[in-house]
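Geometric and topological summary
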Amino acid sequence: MAASLIRLHFHDCFVQGCDASILLDDSSSIQSEKNAPNNLNSVRGYEVIDNIKSKVESLCPGVVSCADIVAVAARDASVAVSGPTWTVRLGRRDSTTSGLSQAATNLPSFRDSLDKLVSLFGSKGLSARDMVALSGSHTIGQARCVTFRDRIYDNGTDIDAGFASTRRRRCPANNGNGDDNLAPLELVTPNSFDNNYFKNLIRRKGLLQSDQVLFSGGSTDTIVNEYSKSPKTFRSDFASAMVKMGDIEALTGSAGVIRKFCNVIN
């Protein structure tokens, strides 16, 4: 679940801040972010957070927010797959609202151009370098065929022909056929947090279009090159970027609440 827990934190923070709004279920007053196109049948880990929350509540009720648990779980997930660690700032509080309408515009798409990604991350206070470092979390995890089908069948110049051929075996060309078949985002060491993701981009073996645009003759090529040669620099920059991301529009002080159950406002 490591990749999923890191992604859960990311998808939470990019929609109205790191406030655990992504955990809220549909209700009479909530339109759940879980149903947003970028989250539905894609984001996982909700039950992991619920399980942690129930154990924390039994020890110190009403103290630790769901938003903080999501942030700490992302850090621990990284450590569990030999990734970097960082000090998680605490004190976030939980929202009483959901941001379903914002999710479509605030979350990146696998089809996004480099300019769109730089702009989107910039709107959250994250630099292009932060964006490339955070994209490196795709060193672990998997993607559904529906997210990379166009790329592997387009016969573009930005994809290695052998790589495309391999990926076509489990991802049929026709929409609706094998849409949910999975492929590793990074094919060399898919369960280990390392810098092979960046080495793959240089070889034109990025699985998603939004991965490969990071190394396609644009402004971020130099950063990809740097990370491909220096795992230490990548790990350090990833940790710093995760700390910055964890601060996006956080609710603190008397703002927000501490939910007793992460999926409902109570």
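Note that this is a predicted model, so its numbers are computed, not measured.

Conventions we followed
- Residues numbered from 1 in each chain as written.
- Predicted model: local features only at pLDDT ≥ 70, side-chain atom pairs only at ≥ 80, totals over all residues.
- Heavy atoms only, no water.
- Helix = DSSP H or I, 4+ residues; strand = E, 2+ residues; numbered from the N terminus.
- Contact = heavy atoms within 4.5 Å.
- Domains from an automatic or database assignment.
- Buried area = accessible area lost by both parts, 1.4 Å probe.
- Salt bridge = Lys/Arg side-chain N within 4 Å of Asp/Glu carboxyl O.
- Polar contact = N/O pair within 3.5 Å; in protein donor to acceptor, adjacent residues only side chain to side chain.
- Nonpolar A, V, L, I, M, F, W, Y, C, P; charged D, E, K, R; others polar.
- UniProt positions renumbered as here; feature names shortened; annotations may be inferred.
- Buried < 20%, exposed > 50% of the residue type's maximum accessible area, 1.4 Å probe, protein only.
- Disulfide = S-S within 2.5 Å.

**Brief notes about the side chain of Ser137**
Within the element layout of this structure, Ser137 appears in the loop between α6 (128-135) and β1 (142-144). Those residues within four positions of Ser137 in sequence are excluded, and the remaining contacts are Ile6, Phe193 and Phe238.

**Examining the domain arrangement of the protein chain**
When its domains are assigned, the protein chain resolves into domain 1 (1-107) and domain 2 (129-241). Listed by partner, the interface residues are 13 residues for domain 1 and 10 residues for domain 2. Interface area for domain 1 against domain 2, summed over the two sides, is near 870 Å², with a carbon-plus-sulfur share of 68%. Taken together, the links from domain 1 to domain 2 amount to 0 salt bridges. Taken together, the connections running from domain 1 to domain 2 amount to 3 residue pairs in polar contact (both at pLDDT 80 or more). The element that contributes the greatest number of residues to the side of domain 1 that touches domain 2 is helix α1 (residues 2-13), accounting for 3 residues. Of the residues in the side of domain 1 that touches domain 2, the class split is 7 nonpolar, 6 polar and no charged.

**Observations regarding the UniProt feature "binding site: substrate" (unreviewed entry) in the protein chain**
When the UniProt feature table is mapped to this numbering, "binding site: substrate" (unreviewed entry) covers Pro108. For Pro108, a relative accessible area of 17% translates into the label buried. With sequence-adjacent residues up to four places away left out, Pro108 is seen in contact with Phe10, Phe14, Asn38, Leu117, Leu120 and Phe121.

**Some thoughts on the state of the cysteines**
For the structure on display, the rule yields 3 disulfides. Paired by a disulfide, Cys66 and Cys262 hold their sulfur atoms 2.2 Å apart. What sets the handedness of the Cys66 and Cys262 disulfide is the S-S torsion sign, and at about -100° it is left-handed. With a gap of 196 residues between them, Cys66 in helix α3 (residues 66-80) and Cys262 in the segment after α12 (231-245) connect regions that are remote in the sequence. Cys66 gets classed as buried once you look at its relative accessible area, which sits at 0%. Each sulfur in the disulfide pair Cys145 and Cys171 lies 1.9 Å from the other. Between Cys145 and Cys171 the disulfide shows an S-S torsion of about 75°. By sign, it is right-handed. You can see Cys145 sitting in helix α7 (residues 145-153) and its partner Cys171 sitting in the loop between α8 (161-168) and β2 (182-184), a full 26 residues away along the chain. Cys171 carries the same exposure label as Cys145, and that label is buried. With no disulfide of its own, Cys60 lies 12 Å from the sulfur of Cys66, the closest cysteine sulfur. Classification of Cys60 as partly exposed rests on a relative accessible area of 30%.

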